[in-house]
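Descriptive structure summary
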Amino acid sequence: MLKTLNSTDFRKMISSGARMLEINRAKVDALNVFPVPDGDTGTNMSLTLQSAVKEMNACSSNRFQEICDAVSKGALRGARGNSGVISSQILRGICSVLRECPQTFDTKTFAKALEAGTKVAYSAVSIPKEGTILTVVRLMSESAGKLASKNKDFVEFFKAVIAVGDEALAQTPELLPVLKKAGVVDSGGVGLMTIMRGFLAALTGEEVGGDIPTEAVDTKKEPEFGDNSDIINLDLGEIQFAYCTEFFIIHLKQMTTLADIDRLKERLMTLGDSVICIGDLELVKVHVHTNTPGIALSYALELGELDRIKIENMLEENRELKAKLEAEKKEMGMLAICAGEGLAEIFKDLTVDRVIEGGQTMNPSASDIADAVQKINASNVFVFPNNSNIILAAEQAKGLVTNRTIHVIPTKSVPQGFAAALAFNPDVSVEENKISMIHAIDGVASGQVTYASRNTTMNGFKLKEGDIIGLDSKKILAKGDDVSETTLQLIKKMKRDEHEMITLYYGEGVTEEECEALAANVSEAFPDCDVDYHYGGQPVYYYMVSLE
């Protein structure tokens, strides 16, 4: 059990956190979806941490005070972009507590350090925004005290804190609309959790790796399946403040006070937004988005000398990004709607660009479908509703999208959606693909096996709540007490001479072994057909059946 950590352990934590972030910075960069490209989050945070490590390694003392001061100073000097600056302030707050430790610190002390990091980070931002790295560090720090009381061992403590942070990160799309629209979590929060995993790796001795979670949880809105790299068609919006301005104030004048630094921050806030003005009488870091960078520099010159001035034209960055997205746009893409992890993976294997969750019990809105279409960088998008209750919403989505053409393929089941996706040929025209897809779905008969939700009489069957029932696209064809037997009855009722292939997709509550046994029985009953089965993971329906 690792109850206390010394200064050498702390050095290892900082180095490991920086290394973990460097390995994963491309993944964090890929999540940077804000309308104005203000640098890349993963790169900015990584360079900030590397600067902290460089300053720490140059520190010959092994006393907490000197090491922590070096980490704080190095992080501030190397801070880049908002994410880097906030990260540096989190470290600064943590170090403000740990620097007072004589020889070791325990989990309770680190919990206090994390609370200090949160406080300093929030104070560094002129208008703190929830749904960002700030939310993630705050929720971790709010839980850290209780977790420290329960976990004296640092490894267990960090695992518990990371679990809280992961949950907070997964909820960020619910707090920040731009993240929810993009279907991703906050990139800065991912960067912070990557650092925390690096801290843990230093204590367990595990190798620093590249496996970090970057997805949102299933909250009020259905999750979207697909690579985050697909999120390349956001509304970039208009730029209100054109110039991202960053610099340091060094060799501050003798007459300068901390109150002067606070007043500088207030003056900068009148010039633009995204204002950060942090530091002390030795070094001040400034960041502001403004249309008058010259005035911002002149205000700062009243306090001291300027160093490392960087002014970036965000208007030009915006133009370049728009041009890049337009150049990379392909002619055709595909969007499918389904419920079930396995079904979504099959659609992805069939080169469908995006999959949003929806089905019989959770129909996505026209807006949900339009938003998903917007994230596919293609001029024409084929939409597979895969449910008769969703086709109309998909048609309505056409009126909500202006820069793409939606083509709704009227698939009424997931198997029909698979057939349509299989028929896609990127080398032929849009119209030829539509004809091929519609022809393909005409040859698919689909069925589902579920349970009766109430007592009723329908299609000649007297049903009790809980009865197993098998349906085709129009009516109930089978009833029983056993899922497998009812599924076999359904297939017998649906089977036609022209059918050569029978496929089973098993859902929640059905094991692979049960499905394998059923597939064997189906093969025995229909020796003239090829029988296959796949994991669907769909709710409500024990099996989906496809006959082709």
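With that settled, the discussion passes to the nonpolar core. Grouped together as the largest cluster of nonpolar side chains are 60 residues, with contacts concentrated most on F10, V71, L98, F105, F110, F157 and F158. Counting only elements with at least two residues in this core, the list comes to α1 (7–29), α2 (41–57), α3 (64–78), α4 (81–98), α5 (107–124), α6 (133–150), α7 (154–170) and α10 (187–204). Not counting residues up to four positions away in its chain, the partners in contact with F158 are M13, F110, M196, F199, L200 and L203. In this structure, A421, F424, V430 and I441 belong to the second largest nonpolar core, which totals 25 residues.

Attention shifts here to a negative patch on the surface. Among the surface-exposed residues, E512, E513, E514 and E516 lie close enough to one another that they form a single negatively charged patch. The topology assignment puts E513 in helix α20 (residues 512–525). The class for E513 is exposed, based on a relative accessible area of 56%.

This part covers the pairing of strand β11 (residues 405–408). Pairing of strand β10 (residues 378–384) with β11 involves four bridges; the strand directions are parallel. If you follow F382 over to β11, its bridge partner there is H407. In this region the chain leaves β10, passes through helix α16 (residues 391–397) and returns to the parallel neighbour β11; the handedness of that crossover is right-handed.

This paragraph deals with the sheet that holds strand β4 (residues 243–250). Strand order in the open sheet formed by four strands is β5-β6-β4-β7, with antiparallel pairing between adjacent strands. A strand with exactly one partner marks an edge of an open sheet, and here the two such strands are β5 (272–279) and β7 (305–313). In this sheet, neighbouring strand axes are inclined to one another by 10° on average, regardless of whether the strands run parallel or antiparallel. Strands β4, β5, β6 (283–290) and β7 of the sheet are contacted by α3, whose axis makes an angle of about 30° with β6.

Turning our eyes to something else, we now look at the sheet that holds strand β18 (residues 530–535). Read from one edge to the other, the open sheet built from six strands follows the order β16-β15-β12-β19-β17-β18, with strand pairing classed as mixed. The open sheet has two edge strands, β16 (476–480) and β18, and neither has a second partner. Shown here is a sheet whose adjacent strand axes are inclined to one another by a mean of 15°, direction ignored. When strand β17 (residues 501–506) meets strand β19 (residues 543–547), the two strands line up antiparallel, connected through five bridges. The residue of β19 that forms the bridge with Y506 is Y543. In the packing of helix α14 (residues 341–349) onto the sheet, the strands contacted are β17, β18 and β19, and the crossing angle to β18 comes to about 110°. Taken strand by strand, helix α17 (residues 414–422) contacts β12 (445–451), β17 and β19, and its axis lies near 50° from that of β19.

Here M437 shows up in helix α18 (residues 430–442). Look at M437 and you get buried, because its relative accessible area is 0%. The spacing of M437 and N425 is 12 residues in sequence and 9.7 Å in space, taken between C-alpha atoms. Setting aside chain neighbours within four positions, we find M437 in contact with M334, F382, F384, I409, A420, A423 and F424.

Pairing between side chains of opposite charge can happen when their charged atoms approach one another. For the coordinates displayed, the defined rule picks out 19 salt bridges. Between E302 and R267 there is a salt bridge, with the nearest N and O atoms lying 3.0 Å from each other. Here the residue E302 occupies a position in the loop between α12 (293–301) and β7, and R267 occupies one in helix α11 (residues 258–269), the gap between them amounting to 35 residues. Residue class for R267 comes out partly exposed when judged on its relative accessible area of 31%. The residue D528 makes a salt bridge to K495 at a minimum N-O spacing of 3.9 Å. Placement of the pair is D528 in the loop between α20 and β18 and K495 in the loop between α19 (483–494) and β17, with a sequence separation of 33 residues.

So, about the packing of aromatic side chains. Scanning all chains against the criterion turns up 14 aromatic pairs. Measuring from centroid to centroid gives 5.7 Å for F105 and F154, while their planes differ by 90°, and the two rings are edge-to-face. Residue F105 is found in strand β2 (residues 104–105), and its partner F154 is found in helix α7; the two are separated by 49 residues along the sequence. In terms of burial, F105 and F154 fall into one category: buried. On the basis of an interplanar angle of 80° and a centroid distance of 6.4 Å, the ring pair of F158 and F199 is categorised as edge-to-face. Taken together, the residues span a long stretch of sequence, with F158 in helix α7 and F199 in helix α10 at a distance of 41 residues. No difference in accessibility class separates F158 from F199, as the two residues are buried. Joined through ring pairs, the aromatic side chains of F64, F105, F110, F154, F157, F158 and F199 make up one cluster.

Reading the values: rules and limits
Residues numbered from 1 in each chain as written. Predicted model: local features only at pLDDT ≥ 70, side-chain atom pairs only at ≥ 80, totals over all residues. Heavy atoms only, no water. Core = buried A, V, L, I, M, F, W, Y, C linked by side-chain atoms within 4.5 Å. Buried < 20%, exposed > 50% of the residue type's maximum accessible area, 1.4 Å probe, protein only. Helix = DSSP H or I, 4+ residues; strand = E, 2+ residues; numbered from the N terminus. Contact = heavy atoms within 4.5 Å. Patch = residues over 30% accessible without salt bridge, like charges linked within 9 Å, V, L, I, M, F, W, Y side chains within 5 Å. Areas by Shrake-Rupley, 256 points an atom, 1.4 Å probe, with all protein chains shown as cover. Salt bridge = Lys/Arg side-chain N within 4 Å of Asp/Glu carboxyl O. Lys, Arg positive; Asp, Glu negative; His and termini not counted. Charge placed at Lys NZ, Arg CZ, Asp CG, Glu CD. Pairing = 2+ DSSP bridges. Right-handed = clockwise from strand over helix to strand, strands pointing away. Axes fitted to C-alpha atoms, helices over the stretch in contact; angles between N-to-C directions. Phe/Tyr/Trp six-rings, centres within 6.5 Å; stacked < 30°, edge-to-face > 60°.

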